[in-house]
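What follows is the residue order along each chain.
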Amino acid sequence: MRYGISILGILVVLILAWLASSNRKEVKFKPIITMLVIQIILSVFLLNTEFGLIIIKGISTIFTMLLKYANEGVSFVFGGMANKGETPFFLNVLLPIVFISVLIGILQHLRILPFLMRGIGWLLSKVNGMGKLESYNAVASLMVGQSEVFITLKKQLGQLSKQRLYTLCASAMSTVSMSIVGAYMTMLEPKYVVTALVLNLFGGFIIASIINPYEVKTSEDILEIQGLEKQSFFEMLGEYILDGFKVAIIVGAMLIGFIALMAAFNHVFELLFNISFQRLLGYLFAPIAFIMGIPSSEAISAGGIMATKLVTNEFVAMMDLSGGNHHFSARTLGILSVFLVSFANFSSIGIITGAVKSLNEQQGNVVARFGLKLLYGATLVSILSGIIVSFIL
């Protein structure tokens, strides 16, 4: 029964993607099936094998140490602001992003990241049925972020077709930046964060190749990465430190606004309709939670968290999942955790549109026109990742 629901869930996701397809006759099912099998194999490897768990434990240990180093700087500047025994979210979760951002900058400066992004992108292009540019972009979005990635592709942005531009933006919205992975690991189990990163990478290609099928000609399959401006090592450090701090401040500001707004909506709906806004959204998303393999007894509460992520952002939903009084089973926690690790929310439409528009206004307007379709596809990616994990847990 459990596997039957998961199989049904995959079929529903693929059908929903197919209904929104811009060219249903051009959909190639062979790479889609190949990538679905790869997703299942990787999930089994990461969650159900000793070697996979060793790898995840190693990654978790690395991020734990990085957060420890980051807290040395945070404690020096903000030490004494928190009461003993308290763990303020801004100090312990958001500010360490500054240090992670610096490490990414160093890896960029030493040309290690570009080498990895090109290499992994080349391997992906062999299985996803897409071009080198699309494959590079997916890996780069994961490593440097959904807005910064377009800077590296500045030379080609103006020459891209609407179809290829959609795929690039869809990949950026379906993944998350490495700079905030450490923050996620403070709220979710690291094994689910790592698994989601891998699954979303392939899931983005699966959904994009259905919603937005096209053929990349050999003559057009060119990857031109914008070279970084020459900077001294300390110029680079200063830039990435400030960038990391900006991200922490922006995320903090968004959390203040969205959590306050959600509290207000909940209160107003309880006064008017005797049901909270989040609970109402839970009923709407409960069928989706059910096809993801979440038991019907937990589907409404899970649906509320899923909807919260969509209308606010993943941080708000993660805080609700980790700090709320939901009493979810371990399996439901795993499925929801994987679902939450992505940038699929309304605010990401504005972020991606703004990033592209700052580099090429005309292409930015194109992105704005298919913004809702981007969110639709990225949400299907998150749902698909949750379903794949439901096979394993």
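For the structure, check the block above.
None of these values were measured; they are calculated from a predicted model. (Residues numbered from 1 in each chain as written. Predicted model: local features only at pLDDT ≥ 70, side-chain atom pairs only at ≥ 80, totals over all residues. Heavy atoms only, no water.)

Caption draft 1: Up close: the environment of A208. Following the sequence through the fold, A208 ends up in helix α11 (residues 190-211). The spatial distance from the C-alpha of A208 to the C-alpha of A170 is 7.0 Å, given a sequence separation of 38 residues. Beyond its immediate sequence surroundings of up to four residues, A208 is in contact with M130, T167 and P213. (Helix = DSSP H or I, 4+ residues; strand = E, 2+ residues; numbered from the N terminus. Contact = heavy atoms within 4.5 Å.)

Caption draft 2: The arrangement of unusual backbone geometry in detail. Phi is positive for N274, which is not a glycine, with a value near 60°. Tracing the sequence through the fold places N274 in the loop between α12 (233-273) and α13 (277-291). With a relative accessible area of 72%, N274 lands in the exposed category. (Buried < 20%, exposed > 50% of the residue type's maximum accessible area, 1.4 Å probe, protein only.)

Caption draft 3: Just the packing of aromatic side chains, in detail. Scanning all chains against the criterion turns up 8 aromatic pairs. Taking the centre distance of 5.3 Å and the plane angle of 70° together, the rings of Y166 and F370 count as edge-to-face. Taken as a pair, Y166 in helix α9 (residues 162-174) and F370 in the loop between α18 (361-369) and α19 (371-392) lie far apart in primary sequence, 204 residues in all. Judged by relative accessible area, which is 4%, Y166 ranks as buried. When its relative accessible area of 6% is taken as the criterion, F370 is described as buried. Of the aromatic side chains, those joined through ring pairs into one cluster are F265, F269, F273 and F277. In this structure, R24 is placed above the aromatic ring of W18, and the distance from its NZ or CZ to the ring centre is 4.7 Å. Sitting above the plane of the F339 ring, K309 keeps its charged end 4.9 Å from the centroid. (Phe/Tyr/Trp six-rings, centres within 6.5 Å; stacked < 30°, edge-to-face > 60°. Lys NZ or Arg CZ within 6 Å of the ring centre and 35° of its normal.)

Caption draft 4: Representation of the nonpolar core in the model. Within the largest apolar cluster, 123 residues are counted, with the highest numbers of intra-cluster contacts made by F150, Y184, I206, I207, F315 and V341. No other element matches α11, which puts 14 residues into this core. Leave out the neighbours within four places in its chain, and F150 touches L157, L168, C169, A172, I352, A355, V356 and L359. (Core = buried A, V, L, I, M, F, W, Y, C linked by side-chain atoms within 4.5 Å.)

Caption draft 5: A look at the pattern of salt bridges. Applying the stated criterion across every chain yields a total of 2 salt bridges. R164 is paired through a salt bridge with E134; the nearest N and O atoms lie 2.7 Å apart. Of this pair, R164 sits in helix α9 while E134 sits in helix α7 (residues 132-144); the two residues are 30 residues apart in sequence, bridging distant segments of the chain. Here the two residues R164 and E134 agree in accessibility, since each one is buried. We note a salt bridge from E189 to K191, for which the minimum N-O separation is 4.0 Å. We classify E189 as partly exposed; its relative accessible area is 44%. (Salt bridge = Lys/Arg side-chain N within 4 Å of Asp/Glu carboxyl O.)

That's the geometry; what it means functionally is another story.
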